Amino acid sequence: MSNSKSTASFALKVSAWPTGSAHWVLGSAMGAGPHGGKGDCRNLQDLNLTQCRSLTDEFVSMVLEMCTSLLYLNLSYTAISDGTLRSLSKFGLNLQFLSLAYSKKFTNKGLNYLATGKGCHKLVYLDISGCTQISVRGFKSFGVGCNEIQHLLINDMATLTNSCITAMVTYYHNLTTISLLASPHISDAAIKTLVQGRRIVKVKIEGNQHISDASFKVISKSCPNLNHIYVSDCPRITDNGLKCLSILKNVSVLNLSDCISLTDLGIRSFMDGPSASKLRELSLSNCIYITDLSLLKIVQRCLSLLHLRLRYCGRLTDSGIEWLGNLPTLITMDLTGTNIQEQGLGGLGHSTKIQEFILAECSGVTDVGLQITDLSIQYLAGVCHYIYSLDISGCVSLTDSIFKFLKRGCKKLQILKMLYCSNITKEAVKAVTNVQYLEYNDENPPMWFGYDNKGNELVTTKQEDEKTKKLDR
């Protein structure tokens, strides 16, 4: 009777190990079989070697040759070079996931192996973020050799241009996910090339001064099944662009943080569209022109919303924030840097499912907003019973009194963050025993918070000069 061999697959992570350790661990995992020889690692499917600085091309070649079932390979932040790409082109026959992110020693010559070899033709996921050494020729090699890509990540690429995108994605007909974070030099033309004729469902763009409403127009026409939109810090996106997106029917994630040109008009246009009722996550952080009118639309239309982030939306008032208490499914709310006070906190009591509440840098919050009073009884009776994470960093008016209110009202609280809470004492913090994770300091708020440890607005040098001049008069 012949000996049967295990067919179970397994995964191995050997990341950020000291010099030589990664080789030793992998060698042990793949080491000699019962009769000597190379051993049997044919069932290894998932190998994570990220940040293994001592990794060599020769060792990766050995792994690829022996591990014929390998599907997932993470080589990010390593010193691999063209030799590894050559091995991938020969032995990566079943590989589906490959990350070369921030590995900067391979060149266009190595990428040419991928264009001409037999390996990597089954790749569906490719991450080349931070690989700024790749030229247009290299991007074309990726296109020719890995033309089944569905998920493409090219983040942190200051050298990425429209020509690079065109050279690569001409060959990508199955693309569904695109991530171009911190790639500042691409324009609307690149977005048009990426989305036309493809079934894109997820788009991520961040930190770009060239992307405009024209991109949203072509996205809305070419990507009817788009469900995830992350377009952050793109100041040329305006209300007209958001109006274009309003025809989409399946958007569940919409992140427009730091798109500072947006106003209530654009928010209303999108909320009047068919996707509003399907939104699960919405971020309008630092959209400085939106007001309570936008919140009213959100409350009326986003009945399935789970996560809402409104950081630094300075024109929102307690009246608008009170309405948010009527969102029936909300579990995360981030009001960092807003002007919320006790009235707004009290109104949130209708939201019975909130689990994570962030009030950092809200200098108007006082003890009254977190105790059982006529004004906030609904808040404590409803929201606080479900919250597991609370961030009140920078709320300088809070005192030790809050702990007895939190202990009584927030039975499920596990995470409490209280940075820059200068009126809360260390003695009171040491006595807290009902949370698993507590982060605290009593330092003065950083200058960028805009107020001191008493909640007074910080005055700039120019303003101080103007005050001095007035006094002199």
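Residues numbered from 1 in each chain as written. Predicted model: local features only at pLDDT ≥ 70, side-chain atom pairs only at ≥ 80, totals over all residues. Heavy atoms only, no water.

A. Molecular detail of the packing of helix α6 (residues 162-169) against helix α7 (residues 188-195). Axis separation between α6 and α7 bottoms out at 9 Å; the angle between their running directions is 10°. When the axes of α6 and α7 are compared, the pair comes out roughly parallel. Residues N162, I165, T166 and V169 of α6 form the contact with α7, whose own contacting residues are A189, A190, T193 and L194. Along the lines of polarity and charge, the residues of the contact of α6 with α7 split into five nonpolar, three polar and no charged. (Axes fitted to C-alpha atoms, helices over the stretch in contact; angles between N-to-C directions. Helix = DSSP H or I, 4+ residues; strand = E, 2+ residues; numbered from the N terminus. Parallel < 35°, antiparallel > 145°, perpendicular 65-115°, else oblique. Contact = heavy atoms within 4.5 Å. Nonpolar A, V, L, I, M, F, W, Y, C, P; charged D, E, K, R; others polar.)

B. Expanded view of unusual backbone geometry. Phi is positive for Q51, close to 65°, though the residue is something other than glycine. Within the secondary structure layout, Q51 lies in the loop between β2 (44-48) and α2 (57-66). For Y77, which is not a glycine, the phi torsion comes out positive at approximately 55°. Relative to the helices and strands, Y77 resides in the loop between β3 (72-74) and α3 (82-91).

C. Region of the structure containing the environment of A190. Positionally, A190 belongs in helix α7. Classification of A190 by relative accessible area gives buried; the value is 0%. Along the sequence, A190 and I211 sit 21 residues apart, while their C-alpha atoms lie 9.3 Å from each other. If we skip the residues at most four places from it in the chain, A190 touches N162 and I165. (Buried < 20%, exposed > 50% of the residue type's maximum accessible area, 1.4 Å probe, protein only.)

D. Inspection of the packing of α7 against helix α8 (residues 213-222) at higher detail. It is at 9 Å that the axes of α7 and α8 come closest, and there the two elements cross at 10°. Taken together, the axes of α7 and α8 lie roughly parallel to each other. Facing D188, I191, K192 and V195 of α7, the residues of α8 in contact are A214, S215, V218, I219 and S222.

E. Quick peek at the packing of aromatic side chains. Counted under the stated rule, the structure contains three aromatic pairs. With centroids separated by 4.1 Å and ring planes inclined at 15°, the aromatic side chains of Y72 and F97 adopt a geometry described as stacked. Of this pair, Y72 sits in strand β3 while F97 sits in strand β4 (residues 97-99), placing them 25 residues apart in sequence. Residue Y72 is classed as partly exposed on the basis of its relative accessible area, which comes to 22%. Arranged with centres 4.7 Å apart and planes meeting at 15°, the rings of Y77 and Y102 form a pair that is stacked. With Y77 in the loop between β3 and α3 and Y102 in the loop between β4 and α4 (108-116), this residue pair connects regions lying 25 residues apart in the sequence. (Phe/Tyr/Trp six-rings, centres within 6.5 Å; stacked < 30°, edge-to-face > 60°.)

F. Region of the structure containing helix α10 (residues 264-271). α10 sits mainly inside the fold: six of its eight residues count as buried. Every buried residue belonging to α10 is among D264, G266, I267, S269, F270 and M271, and all of these are buried. In this structure, the buried side of α10 is in contact with α9 (239-245), β10 (253-255), β11 (281-283) and α11 (292-301).

G. Fine view of the environment of Q343. Along the chain, Q343 falls in helix α13 (residues 342-347). For Q343 and S319, which are 24 residues apart along the polypeptide, the C-alpha to C-alpha distance reads 7.6 Å.

H. Representation of α6 in the model. Residues C164, I165, A167, M168 and V169 constitute the buried set of α6. Elements in contact with the buried residues of α6: β5 (125-127), α5 (136-145), β6 (151-153), β7 (177-181) and α7.

I. Structural context of the pairing of strand β9 (residues 228-232). Of all five residues that make up β9, five are buried, and the element is covered over most of its length. Residues of β9 alternate between two faces, with H228, Y230 and S232 on one and I229 and V231 on the opposite face, all of them buried. Two strands pair when backbone bridges link them, and strand β8 (residues 202-206) and β9 are joined in this way by five bridges, in the parallel orientation. The partner of K204 across the bridge, within β9, is Y230. Between β8 and its parallel partner β9, the chain crosses via α8, and the hand of that crossover is right-handed. Bridging between β9 and β10 involves three bridges; their strand directions are parallel. Residue Y230 lies in a different strand from β10, and its bridge partner there is N255. (Pairing = 2+ DSSP bridges. Right-handed = clockwise from strand over helix to strand, strands pointing away.)

J. Representation of the side chain of S141 within the structure. Turning to its location among the elements, S141 is positioned in helix α5. For S141, a relative accessible area of 6% corresponds to the buried category. The contacts of S141, once residues within four sequence positions are left out, are L111, N112 and A115.

K. Structural context of the confidence of the model for the protein. Here the protein averages 84 in pLDDT, and 82% of its residues register 70 or above. Across residues 465-473, confidence stays below pLDDT 50; counting only partners more than four residues off in sequence or on other chains, it has one contact. (pLDDT = per-residue confidence, 0-100.)

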